[in-house]
Amino acid sequence: MTKKIFLSIITICIMTLLAAIFLVTALLYSRSAEIASAEVRTDARLIASAVEQSGGNYLDKTDFGGNIRVTWIASGGNVIYDTDEDPDSLENHSDREEISQAFDSGEGSSSRYSSTIMQKTVNHAVRLKDGSVIRVSGVHSSLTAELMKALSPMLAILIAVVLFSVLAASMVSRNIVRPINNIDLSHPKIKKNYKELAPLLEKLNSQNAKVSRQMDELQSSREQFSLMTESMEEGLIIADPKLIVLTCNSSALRLLGAGSFTQGQSVYALNNSDVFRRCLLNALGGRRSECILRTGDGQREVIASPANSIDMVCGIVVFIMDVTEKQELETMRREFTSNVSHELKTPLTTIYGIADMLANGMVQSGDVAEFGGNIRSEAERLINLINDIVSLSKLDEDAAPHENENIELFALAEEVLDRLKLNAEEKGVVTSLSGEKVSITGSRTILSEVLYNLCDNGIKYNVSGGSLSVKISHIPQRVIITVSDTGMGIPKQYLGRVFERFYRVDKSRSSRIKGTGLGLSIVKHGVLYHNGTVRVDSEEGKGTVFTVELPIEKKQHNEEQGVF
Ligand code: ADP
């Protein structure tokens, strides 16, 4: 703007100057032309009157100087006298404009311009009484010549004026622009000297208010959005078509195992695995895509969807969910199904084999009782297995009866040990019960199964002459059941796995002792059902201790309890 004002001022100054010079020159020229014509006329009249009185002698005696040319032309047009040329060498002048006018009307004048010398010749002719004519010619410079003459002073003035204009223009333009530059665009105030800017500044003020309102709204909706996404358990990433992250919540960073995220980063900076890349590229290609990512601490399900605008993908939305537990459960379910099939098939195959032999008369009558006993034992194993599976699946599906009765645990333990009396005697294990009478609220059926499985194991995996002790005690708000035996114990490396379904320590050892591998699983679920905990401590060859801790008042059963 400063430059524009500056140039405008300079241009106006120069144009004005040039116009002034031209006009003044033209005026002066026209004035001097008039004076020159008048002088020539006066000279012609004076010389004519002098010649009239003194004849040709006047002309011969008089020195006219070099400024005018005097010519005496006879009435026929021949030149009698000329100050500049030999009259004989001059042609007949009767056809000259001023001379023919003088012949006709007594006086005549004309002017002629010579482009070669850039001069104008002014002529005036006066007729004498004898019919001859005196002509006086004076030379007057042309306008161009005048201008050319004035060129050097004009240039000097022009340079001076230009210099002055440059200084003045730069000062003026700066003075005009400075207050405009100093306007605070965020809070514009109308200045007295700049009333012309008032509508613009008012508009700016209202635009500022509007923009600030919209920014506040944007900020608050952005904060709301980020508050909502930050409270999500699932990871959320929104990226543009170049896969630059626009939004990313902290769950996404956590689930992808990415440390931090900076604005303008690529999604690949969060996870660079091939699976993830393929999933995102598929979404960019316009197809919803899903994949499972294995990160350091688990498995993530990634769902990437294209964000379409008209007929092009303008970005992608990625959801990330922690499916570690889901996947583990899925694996456990698969293993459980295959284990169940296997465990059911083994006794059934034996039963089928024996039955086949009996049907084909391959068993001698003396052996029938023994084969019958085998069938009963395998059937018993099947029944136990099915009972355990049923108990476990009831606990799994939360189909166990939601009994909330008062159970006295000492009496319940007594009952259980009584049921196992024969087993203990057969194995040569001495059982004992100690502690105090403690009542808790819970399910009698489930607690009875918990105690039964622990005591049954304490007898099964015991040694002849060993002992099994059950102790019921309590601490504030909690009851502690300890089932300890002096049996074979569990090697340290297996301790963490004994609660898994179908897990049996050392198959060769376990195969000698009947079992389904589900007992401790039922114990764990039963305890969890009562919001309690179970712990195992064991020393190989010395014995095992199971410690169950249960709250005295059974809390509301946790519907989302995990499955072990
Ligand atoms: P099972 O039907 O085989 O007894 P459990 O789930 O009850 O299945 O037990 C899992 C495994 O833990 C058993 O196979 C056994 O090897 C081991 N175990 C359980 N209780 C004891 C114990 N008291 N002493 C030694 N080993 C035990």
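Just so we're clear, the structure is a prediction, and the values are computed from it rather than from any experiment.

Moving on to the overall build of the protein chain. What the protein chain contains, in helices and strands, is 15 helices and 17 strands. Here the C-alpha atoms of the protein chain give a radius of gyration of 63 Å, more than 25% beyond the 24 Å that 2.2 N^0.38 yields for 564 residues. Principal-axis analysis of the C-alpha atoms gives the protein chain an extent of 195 × 60 × 35 Å. Taking contacts inside the protein chain between residues at least 6 apart in sequence as the whole, the part at least 24 apart equals 56%. When the accessible surface of the protein chain is split by element, carbon and sulfur atoms take 55% of a total near 32,700 Å². In the protein chain, 60 side chains carry a positive charge and 70 a negative one; their mean positions are 3 Å apart.

What follows concerns the sheet that holds strand β7 (residues 245–248). Reading across the sheet, the 5 strands line up as β7-β6-β10-β9-β8 and stay open at both edges, with antiparallel pairing between neighbours. The open sheet has two free edges, formed respectively by β7 and β8 (289–295), since each of these has just one partner strand. Each strand axis lies, on average, 20° off the axis of its neighbour in the sheet, ignoring direction. When strand β9 (residues 298–309) meets strand β10 (residues 312–322), the two strands line up antiparallel, connected through 10 bridges. Within the sheet, the bridge partner assigned to E301 lies in β10 and is M321. Packing against the sheet, helix α8 (residues 274–284) makes contact with β8, β9 and β10, and its axis sits at approximately 160° to β8. On top of the sheet, helix α9 (residues 324–359) reaches β8, β9 and β10; it is set at about 120° to β9, its chief contact.

So, on to the sheet that holds strand β15 (residues 478–485). Across the sheet, which stays open at both edges, the 5 strands sit in the order β12-β14-β15-β17-β16 with mixed pairing between neighbours. Whereas interior strands pair on both sides, the edge strands pair on one side only; in this sheet they are β12 (430–435) and β16 (533–539). Pairwise comparison of adjacent strand axes, ignoring direction, gives a mean angle of 15° for this sheet. Across 6 bridges, the pairing between β12 and strand β14 (residues 467–475) is parallel. From the neighbouring strand, S432 faces β14, where its bridge partner is S469.

In terms of backbone geometry, most residues other than glycine have negative phi values and most peptide bonds are trans. The phi dihedral of L243 is positive, around 65°, even though this residue is not glycine. Within the secondary structure layout, L243 lies in the loop between β6 (235–239) and β7. Its identity is not glycine, yet Q477 carries a phi of approximately 70°, on the positive side. With respect to the helices and strands, the residue Q477 is situated in the loop between β14 and β15.

For helix α6 (residues 198–230), spanning 33 residues, the distance from its first C-alpha to its last is 47 Å, which sits close to the expected 48 Å at 1.5 Å a residue. For α6, the secondary structure elements touched by its buried residues are β6.

Our focus in this paragraph is the domain arrangement of the protein chain. Looking at the protein chain, the domain boundaries give domain 1 (2–149), domain 2 (232–322), domain 3 (327–395) and domain 4 (400–562). Using C-alpha coordinates to define each centre, domain 1 is positioned 146 Å away from domain 4.

With that settled, the discussion passes to the side chain of S473. Structurally, the position occupied by S473 is in strand β14. In contact with S473, not counting residues within four places along its chain, are E436, V438, R478, V479 and I480.

Turning our attention to the site of the ligand. Near the ligand, the surroundings consist of 20 residues, among which Y461, R504, T516, G517 and L520 are the closest. Contact between the ligand and N457: an oxygen atom at 2.8 Å from a side-chain N or O atom of the residue. In the model, an oxygen atom of the ligand is placed 2.7 Å from a nitrogen or oxygen of the T516 main chain. Within the complex, 99% of the 520 Å² of free accessible area of the ligand lies under protein. Of all the cavities here, the one that holds the ligand is the largest pocket. Breaking the shell around the ligand down by element, the ones donating at least two residues are α13 (444–460), α14 (507–512), α15 (519–529) and β17 (543–551). Of the residues assigned to the shell around the ligand, the class counts are 8 nonpolar, 8 polar and 4 charged.

For the coordinates displayed, the defined rule picks out 4 aromatic pairs. Measuring from centroid to centroid gives 6.3 Å for Y58 and F64, while their planes differ by 75°, and the two rings are edge-to-face. According to the relative accessible area criterion, Y58 is partly exposed, its value standing at 24%. Judged by relative accessible area, which is 16%, F64 ranks as buried. Centre to centre, the rings of F499 and F546 are 6.3 Å apart; their planes meet at 90°, and the pair counts as edge-to-face. Highlighted residues: F499 in the loop between β15 and α14 and F546 in strand β17, separated in sequence by 47 residues.

Close approach of charged atoms lets side chains of opposite charge pair. Per the counting criterion, the structure on display carries 20 salt bridges. Linking D82 and R69 is a salt bridge whose minimum nitrogen-to-oxygen distance equals 3.2 Å. Of this pair, D82 sits in strand β2 (residues 79–82) while R69 sits in strand β1 (residues 68–73), and the two are 13 residues apart along the sequence. On the basis of relative accessible area, D82 is assigned to the buried category, the value being 6%. Here E330 and R334 are joined by a salt bridge, their closest N and O atoms 3.8 Å apart. Placement of both E330 and R334 in helix α9 is noted, with a separation of 4 residues, approximately one turn of the helix. In the salt-bridge network here, residues are joined through shared partners; they are E98, R112 and R135.

Here is what the cut-offs are and how they apply
- Within every chain, residues take consecutive numbers counted from 1 along the sequence as written.
- Reporting of local features is limited, given that this is a predicted model, to residues whose pLDDT is at least 70; pairs of side-chain atoms are given and counted only at 80 or more, and all residues count toward the totals for whole chains, interfaces and linings.
- As a convention, hydrogens and water are excluded, and side-chain values are obtained from all of the structure's heavy atoms.
- Starting at the N terminus, helices and strands are each numbered in turn, a helix being any DSSP run of H or I of at least four residues and a strand any DSSP run of E of at least two.
- Only C-alpha atoms enter the radius of gyration, while the globule expectation follows 2.2 Å times N to the 0.38, with N the number of residues.
- A contact between two residues is defined here by any heavy atoms of the two lying within 4.5 Å.
- To be clear on the numbers: accessible area is Shrake-Rupley with a 1.4 Å probe, and residue cover counts the displayed protein chains and nothing else.
- His is not counted, nor are the chain ends, whereas Lys and Arg count as positive and Asp and Glu as negative.
- Just so you know, the charge point we use is NZ for Lys, CZ for Arg, CG for Asp and CD for Glu.
- Whether two strands pair comes down to DSSP finding at least two bridges between them.
- Whenever a helix is involved, its axis is fitted only over the stretch in contact; in every case the axis is a line through C-alpha atoms, and angles between N-to-C directions fall within 0 to 180 degrees.
- Expected span of a helix: the number of residues minus one, times 1.5 Å.
- The domain boundaries here were taken from an automatic or database domain assignment.
- One heavy atom suffices: a residue is near a molecule or strand as soon as one of its heavy atoms comes within 4 Å of it.
- Counting of polar contacts relies on pairs of N or O atoms within 3.5 Å, with two restrictions inside protein: one atom must be capable of donating a hydrogen and the other of accepting it, and residues adjacent in sequence are counted only when both atoms are side-chain atoms.
- Detection works on a 1 Å grid of protein atoms alone, calling trapped sets that fit a 1.4 Å probe cavities and calling open sets with protein on both sides within 12 Å along at least five of seven lines pockets, with lining residues defined by an atom within 4 Å of a point.
- Whether a molecule sits in a cavity or pocket is decided by its atoms, more than half of which must lie within 2 Å of the grid points.
- Residue polarity follows a fixed list, in which Ala, Val, Leu, Ile, Met, Phe, Trp, Tyr, Cys and Pro are nonpolar, Asp, Glu, Lys and Arg are charged, and the others, Gly among them, are polar.
- Aromatic rings from Phe, Tyr and Trp, taking only the six-membered ring of Trp, are treated as a pair when their centres fall within 6.5 Å; an angle between ring planes under 30 degrees marks them as stacked, one over 60 as edge-to-face, and anything in between as tilted.
- Relative accessibility under 20% of the residue-type maximum defines a buried residue, over 50% an exposed one, and the middle range a partly exposed one, all with a 1.4 Å probe and only protein chains included.
- Salt bridges are counted wherever a side-chain nitrogen of Lys or Arg sits within 4 Å of a carboxyl oxygen of Asp or Glu.

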